[in-house]
Amino acid sequence: MFFTGTRSAAAVTSAEAIAAGIAADGGLFVPESFPRITPEKFAALAQADYRTRAAEVLALYLTDYTADEIAHCVNGAYSGTFENDSPAPLADIGDKRQMLELWHGPTCAFKDLALQILPYLLTAALNKGATGRTAVILVATSGDTGKAALAGFADVKNTRIIVFYPQNGVSDMQKLQMTTQRGSNVAVCAIEGNFDDAQSGVKAIFTDAEMKDFLAQHQLEFSSANSINFGRLAPQIVYYVSAYCDLLKNGSLAPGEEFNVVVPTGNFGNILAAVYAKQMGVPIKKFICASNKNNVLTDFIRTGTYDRNREFHTTESPSMDILISSNLERYLHLLDNGDTAVTARLMAQLKNDGKYTLPPEMFAKMQTEFYGGCCDDAAGRAAIAKIFRERNYLCDTHTAVALAVCDQYRRETGDDTLCVIASTASPYKFAPAVLSALTDEALPADDFEKLELLSKISNTKVPAALATLRGEEIRHKRCIAKNDMAEYIKSVLA
Ligand SMILES: *Cc1c(COP(=O)(O)O)cnc(C)c1O
């Protein structure tokens, strides 16, 4: 299996794609074709555990990795790192809705599913290339990626990791998770700007010629832990395959029977993994793309015009506060049947004008498989309160957006097909907003007392990963202007 760029056709191996993160022309790496999983194979995987499912799916894409290498990656990432050794369990919340709980990992968000394994995949890839260089992982984060990447890469040999987050664009708990990170190879820095500023800054630095020289002089090379890296996408495909296997196993679906997925979306990585799972044979009927008030994707799916020229809103679901959804580029590549000239043209328009309109055939195709919906913070809180009242189920602010949009979809279309809803974070990561949805009481000022109050009200446990942050030393205090990111990186690495 080879990988090509979305904007030009240079073919590379999976190890090369994972090591580089992004193609030289700024495009993203995509598999040249999609391996299919047969109904017999699904039936067999339904009886297997998560690690086996992961190894089987990854092997179909990472054909230049040996079976031993893949087993090593999978076991390192998914043995003993997730609660109950169960990285992606389903929870039935009634009305033909199943929560795919993706937050039982070390940092309590779905990013762990990919970022626990990426350091293994990347280390193996670098060994294959054997340049002797140290990989510098640059991360722009809207909150959850940063911590998950830090947790995955801390003290991993031959890697350095530098994380940028928007100063006022992450929750207090997310900030604390990052600023207390230990590790001899980690750096964390706030920027005066929003997530798109951080992401654009990182993307520009990646392709900057002067920076390339600087790295080469210091025996370093950049890699990316953002969801533009195929090494993050592949492990995300796994949990959609796994969810389908679980639905077959527990009798919720007959073989071949379709289901819908609802995904709270920001950078379009999570929902794109579902699209790729469908390409492999998982019978997904509709992709329901849920956005918060930053509803650029909702408008795009409904009108065919992507227009980022709009106000940026800071919301209670900060990991979805994004106006440029990078992974959408990979979906465009699918929609235009791999015509790199079309994708390149649309991406150039996005860069120059901040907007583009899909050609009619691409728009029509998108509309057959996608539904876009959005809701504001008030509707999100209402969804948290409702599901707790009706089902005694506690969900976070991002998952709440998906729940609300799932309702909206069903009301609008009458389609009551079983929905798998991606539940992307522990409610404890966003305790103030979740608490405000559940109680009118004044909240305690202390962050950890808020966690305890949420525990008391919901009769669930505070995740150990958050409880133990109490009293941790703040190790990373810098905040810089968004134009100073390159200088900061040099100062860290020199
Ligand atoms: C990252 C994140 C999202 C958005 O996922 P994308 O892959 O960027 O679309 C949603 N919810 C949570 C909790 C996240 O951390």
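Before any of the text, the structure's been laid out above.
Residues numbered from 1 in each chain as written. Predicted model: local features only at pLDDT ≥ 70, side-chain atom pairs only at ≥ 80, totals over all residues. Heavy atoms only, no water.

Notes on the overall build of the protein
Stated precisely, the cut-off is as follows: To qualify as a helix, a DSSP run of H or I must reach at least 4 residues; to qualify as a strand, a run of E must reach at least 2; elements of each kind are numbered from the N terminus. The globule rule used here is 2.2 Å times the number of residues to the 0.38 power, and the radius of gyration it is set against is calculated over C-alpha atoms. Each accessible area value is a Shrake-Rupley result obtained with a 1.4 Å probe; residue values ignore everything except the protein chains displayed when judging cover. Note on charges: Lys and Arg go in the positive column, Asp and Glu in the negative column, and His and the chain ends are not counted at all. Charge positions are represented by NZ for Lys, CZ for Arg, CG for Asp and CD for Glu.
What the protein contains, in helices and strands, is 22 helices and 15 strands. Taken over the C-alpha trace, the protein has a radius of gyration of 21 Å; the compact-globule value for 494 residues is 23 Å, and the two agree within 12%. For the protein, the spread of C-alpha atoms along the principal axes amounts to about 60 × 50 × 45 Å. Just so you have it, the protein exposes about 18,200 Å², and 48% of that area is on carbon and sulfur atoms. Across the protein, the 47 positively charged side chains and the 57 negatively charged ones have centroids separated by 0 Å.

A look at the sheet that holds strand S6 (residues 159-166)
For clarity, the cut-off: The pairing criterion is simple: DSSP has to find at least two bridges between the two strands. To obtain each axis, a line is fitted to C-alpha atoms, and for helices this fit is confined to the stretch in contact; angles are then taken between N-to-C directions over 0 to 180 degrees.
Judged by pairing direction, the sheet is parallel, and its five strands sit side by side in the order S8-S5-S6-S7-S15 without closing on themselves. Of all strands in the sheet, those bounded by a partner on one side alone are strand S8 (220-224) and strand S15 (479-481). Taking the axes of each pair of neighbouring strands and ignoring which way they run, one obtains an average angle of 30° across the sheet. Two elements, strand S5 (residues 134-140) and S6, share six bridges in a ladder whose sense is parallel. Residue pairing across strands places Val136 opposite Arg160, the latter belonging to S6.

What about the nonpolar core?
General note: in soluble globular proteins, nonpolar side chains tend to be found buried as a group. What counts here: For the purposes of this section, nonpolar cores are sets of buried Ala, Val, Leu, Ile, Met, Phe, Trp, Tyr and Cys residues that join through side-chain atoms within 4.5 Å. Burial status follows relative accessibility: with a 1.4 Å probe on protein chains alone, a residue under 20% of its type maximum counts as buried, one over 50% as exposed, and anything between as partly exposed. Throughout, a residue-residue contact means that at least one pair of heavy atoms, one from each residue, lies within 4.5 Å.
In terms of nonpolar packing, the biggest core is built from 110 residues, with Tyr240, Phe259, Tyr276, Tyr331, Tyr356 and Phe370 touching the most fellow members. In terms of residues, this core owes the most to one element, helix H11 (residues 230-249), which gives 13 residues. Setting aside its immediate chain neighbours within four residues, Tyr240 contacts Leu100, Val261, Val263, Asn270, Ala273, Ala274, Ala277, Val282 and Ala422. Core analysis: the next-biggest nonpolar cluster, separate from the first, contains 42 residues, Ile384, Tyr393, Leu394 and Ala404 among them.

Remarks on the site of the ligand
We apply this condition: Nearness here has a simple test: a residue counts as near a molecule or strand if at least one of its heavy atoms is within 4 Å of that partner. In the analysis that follows, any N or O atom pair within 3.5 Å is treated as a polar contact, provided that within protein one partner can donate a hydrogen and the other can accept it, and provided that, for residues neighboring in sequence, both atoms belong to side chains. As a working rule, the residues Ala, Val, Leu, Ile, Met, Phe, Trp, Tyr, Cys and Pro are called nonpolar, Asp, Glu, Lys and Arg charged, and the rest polar, with Gly in that last group.
Taken together, 15 residues sit near the ligand, with Lys111, Asp144, Gly266, Asn267 and Thr424 positioned nearest. Within the backbone of Asn267, an N or O atom sits 2.7 Å from an oxygen atom of the ligand. Here an oxygen atom of the ligand sits 3.0 Å away from a polar atom, N or O, in the main chain of Phe268. Alone, the ligand offers 380 Å² of accessible surface; in the complex the protein occludes 98% of this. Looking at the shell around the ligand residue by residue, the class counts come to five nonpolar, eight polar and two charged.

Topic: the pattern of salt bridges
The test is simple: In what follows, salt bridge is the name for a side-chain nitrogen of Lys or Arg lying within 4 Å of a carboxyl oxygen of Asp or Glu.
For the coordinates displayed, the defined rule picks out 23 salt bridges. Close ionic contact of Arg391 with Asp95 constitutes a salt bridge, the shortest N to O distance being 3.6 Å. Placement of Arg391 in helix H17 (residues 377-391) and of Asp95 in the loop between strand S3 (90-92) and strand S4 (97-101) is noted, with a sequence separation of 296 residues between them. Across the salt bridge formed by Asp197 and Lys482, the nearest N and O atoms sit 3.5 Å from each other.

Thoughts on the side chain of Thr6
Here Thr6 is to be found in the loop between strand S1 (3-5) and helix H1 (14-20). A polar contact is formed between the side chain of Thr6 and the backbone nitrogen of Leu28, at a distance of 2.9 Å. Apart from the residues lying within four places of it in its own chain, the contact partners of Thr6 are Gly27, Leu28, Val30, Glu329, Arg330, His333, Thr340 and Thr343.

What about helix H10 (residues 209-217)?
Definition in use: What the arc covers is the set of directions going from the helix axis to the C-beta atoms.
Among all positions of H10, only Met211, Phe214 and Leu215 are buried. Axial view of H10: buried residues confined to an arc of 95°, hence all on one face. Exposed side chains of H10 directed beyond 90 degrees from the buried face belong to Ala209, Glu210 and Gln217. At the N-terminal boundary of H10, the capping side chain belongs to Asp208, with an oxygen 3.3 Å from the backbone nitrogen of Glu210. Phi turns positive one or two residues past the end of H10, at Gln219, with a value near 60°.

Things to note about helix H12 (residues 269-279)
Across the eleven residues that make up H12, a large majority, nine, are buried. If you check which residues of H12 are buried, you get Gly269, Asn270, Ile271, Leu272, Ala273, Ala274, Val275, Tyr276 and Ala277. Of the residues one or two after H12, Gly281 is the one with positive phi, at around 120°.

Thoughts on the sheet that holds strand S9 (residues 259-264)
Within the open sheet, the six strands sit side by side as S3-S4-S14-S9-S10-S13. Their pairing is mixed. Here the strands that pair on one side only, and so sit at the sheet edges, are S3 and strand S13 (370-374). Each strand axis lies, on average, 25° off the axis of its neighbour in the sheet, ignoring direction. Bridge count for S4 against strand S14 (residues 419-423) is five bridges, and the pairing is parallel. Bridged to Met99 within S14 is Ile421.

With respect to the pairing of strand S7 (residues 186-192)
This is how the line gets drawn: With strands facing away from the observer, any crossover in which the path from the first strand over the helix to the second runs clockwise is taken as right-handed.
For S7, the tally of buried residues reaches six of seven residues, placing the bulk of the element in the interior. Here six bridges tie S6 to S7, and the two strands are oriented parallel to one another. Bridging across to S7, Pro166 finds its partner in Ile191. In this view, the connection linking S6 to its parallel neighbour S7 by way of helix H8 (residues 172-179) has right-handed handedness. Sheet topology places S7 next to S15; three bridges connect them, and they run parallel. Looking across to S15, one finds that Glu192 is bridged to Ala481.

Some words on the packing of helix H4 (residues 67-78) against helix H6 (residues 118-129)
Which entries qualify depends on this criterion: Should an angle lie under 35 degrees it is considered roughly parallel, over 145 roughly antiparallel, and from 65 to 115 roughly perpendicular; all remaining angles are considered oblique. Handedness of a helix crossing follows the sense of rotation of the near helix relative to the far helix, less than a right angle counterclockwise being left-handed and clockwise being right-handed.
It is at 9 Å that the axes of H4 and H6 come closest, and there the two elements cross at 150°. By the angle between their axes, H4 is roughly antiparallel relative to H6. Between H4 and H6 the crossing geometry is right-handed. Between H4, through Glu69, His72, Cys73, Gly76 and Ala77, and H6, the contact on the second element is made entirely by Tyr120, Leu121 and Lys128.

Things to note about the environment of Met320
Relative to the helices and strands, Met320 is located in the loop between strand S11 (305-307) and helix H14 (328-335). Between the C-alpha atom of Met320 and that of Asn294, which follows or precedes it by 26 residues, the distance is 7.6 Å. Beyond its immediate stretch of four places on either side in the chain, Met320 contacts Pro264, Thr265, Gly266, Ala290, Ser291, Asn292, Asn294, His398 and Val401.

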